[in-house]
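Here is what each chain is made of, one letter per residue.
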Amino acid sequence: MAKMLRRQCAFCPEDEECSIMYIAEGQNLAVHQDCLLYSSGFVESEEHNPENLDIRFDVASVVNELKRGRRLICNFCRKRGATVGCEVKTCRRSYHYFCALCDDAAIETDEVHGIYRVFCPNHDPDRKNNLYDEDSKRERSPITVQSSSAKKKMIVKEKIAEDSLEALRKKQERQKVRVEFLRKCKRAGLLDEIFEEMLDTLHLAQEKLMDDSTPDAVYEETVISLFDCGLFENILASAHSGTEEKIQELLETRKRLDTQIELLKDLKVILPPPEDTSSCTSE
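Residues numbered from 1 in each chain as written. Predicted model: local features only at pLDDT ≥ 70, side-chain atom pairs only at ≥ 80, totals over all residues. Heavy atoms only, no water.

(A) Quick look at unusual backbone geometry. Despite not being glycine, Arg78 shows a phi value in the positive range, around 65°. Residue placement: Arg78 occurs in the loop between helix H2 (59-69) and strand S4 (84-85). (Helix = DSSP H or I, 4+ residues; strand = E, 2+ residues; numbered from the N terminus.)

In structure tokens form, the structure reads like this:
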């Protein structure tokens, strides 16, 4: 019996389950692995070897499932081919696999026992207000509700959130230690000596920056150290703000002076020329 051949999408990451596809070259047929696994009327080939997943599906079974899906309309996109049905037998909802994810359906996976189930939002076992009937609850085995890929993504997100909280907690602890240290220095009368040392360090940095003979490596190291401490950057920001204010003041002053100059030019044109008194004196 002809088998589907396992292939990996060249564009998708290797650990992304939706990138795994099965093809039948003779049938010009290609399907996603998850679309196969969660189709309600489909089962894996009894001949397949769990340790060799490259040939786990029969071509004939896939074709039959496609034919079945042509009669079913997706509850989400309203198109045909909805082979993924809700696990509750009395429920009439069917989906395409990815439409089920978009509709917040519950994906139930037990890869060890080969169980792949989907529950529509109304019958999600983990929701408090669901329509999941009691008989199905008793029949259902306790399996984690989540696909492997979704679980991996959630684990990654949780890990990032935990790392961020841990980093924030450590930062807050360092700040508390530093604040308490300076308070102790103040009580011990050491603050003056600390600030004198800081001023000496700043003066030394100033000398290095003002000296034209300072090597480039030393110059760059000094600049980086000043910016890393944060104080220098804050002072520069304040100075920049003051510079902008000074520029505005000078521009306003220049505008007033330009206006006065224009007024004086107008006065020069309006004033009559001085009288020639030399002719009157000679007479």
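Structure shown, so let's carry the discussion forward.
(B) Main features of H2. For H2, the full list of buried residues reads Val59, Val62, Glu65 and Gly69. The buried residues of H2 occupy an angular sector of 125° when the element is viewed end-on, so they sit on one face. Contacts from the buried residues of H2 go to strand S2 (20-24), strand S3 (29-32) and helix H1 (33-37). (Buried < 20%, exposed > 50% of the residue type's maximum accessible area, 1.4 Å probe, protein only. Arc of directions from axis to C-beta. Contact = heavy atoms within 4.5 Å.)

(C) Layout of the packing of helix H6 (residues 191-210) against helix H7 (residues 216-228). As a packed pair, H6 and H7 sit with axes 10 Å apart at the nearest point and diverge in direction by 140°. Between H6 and H7, the crossing angle belongs to the class labelled oblique. Considering only the axes of H6 and H7, their crossing is left-handed. Residues Leu202, Ala205, Lys208 and Leu209 of H6 form the contact with H7, whose own contacting residues are Val218, Tyr219, Thr222, Val223 and Leu226. Of the residues contributing to the contact of H6 with H7, the split by class is seven nonpolar, one polar and one charged. (Axes fitted to C-alpha atoms, helices over the stretch in contact; angles between N-to-C directions. Parallel < 35°, antiparallel > 145°, perpendicular 65-115°, else oblique. Left-handed = near helix turned anticlockwise from the far one by under 90°. Nonpolar A, V, L, I, M, F, W, Y, C, P; charged D, E, K, R; others polar.)

(D) Quick peek at the pairing of S2. Burial analysis of S2 places four of its five residues in the buried class, which makes it a mostly covered element. As paired strands, strand S1 (residues 5-8) and S2 are joined by four bridges and run antiparallel to one another. Paired with Arg6 across the bridge in S2 is Tyr22. As defined by bridge partners, S2 adjoins S3 across four bridges and the pair is classed as antiparallel. Of the residues in S3, the one forming a bridge with Ala24 is Leu29. Two successive antiparallel strands, S2 and S3, enclose a turn made up of four residues, where Asn28 displays a positive phi of approximately 55°. (Pairing = 2+ DSSP bridges.)

(E) Highlighting the sheet that holds S1. The sheet built from three strands is open, its strands ordered S1-S2-S3 with antiparallel pairing. Either end of the sheet is taken by a strand with one partner, and the two such strands are S1 and S3. The mean inter-strand angle of the sheet, taken between neighbouring strand axes irrespective of direction, is 35°.

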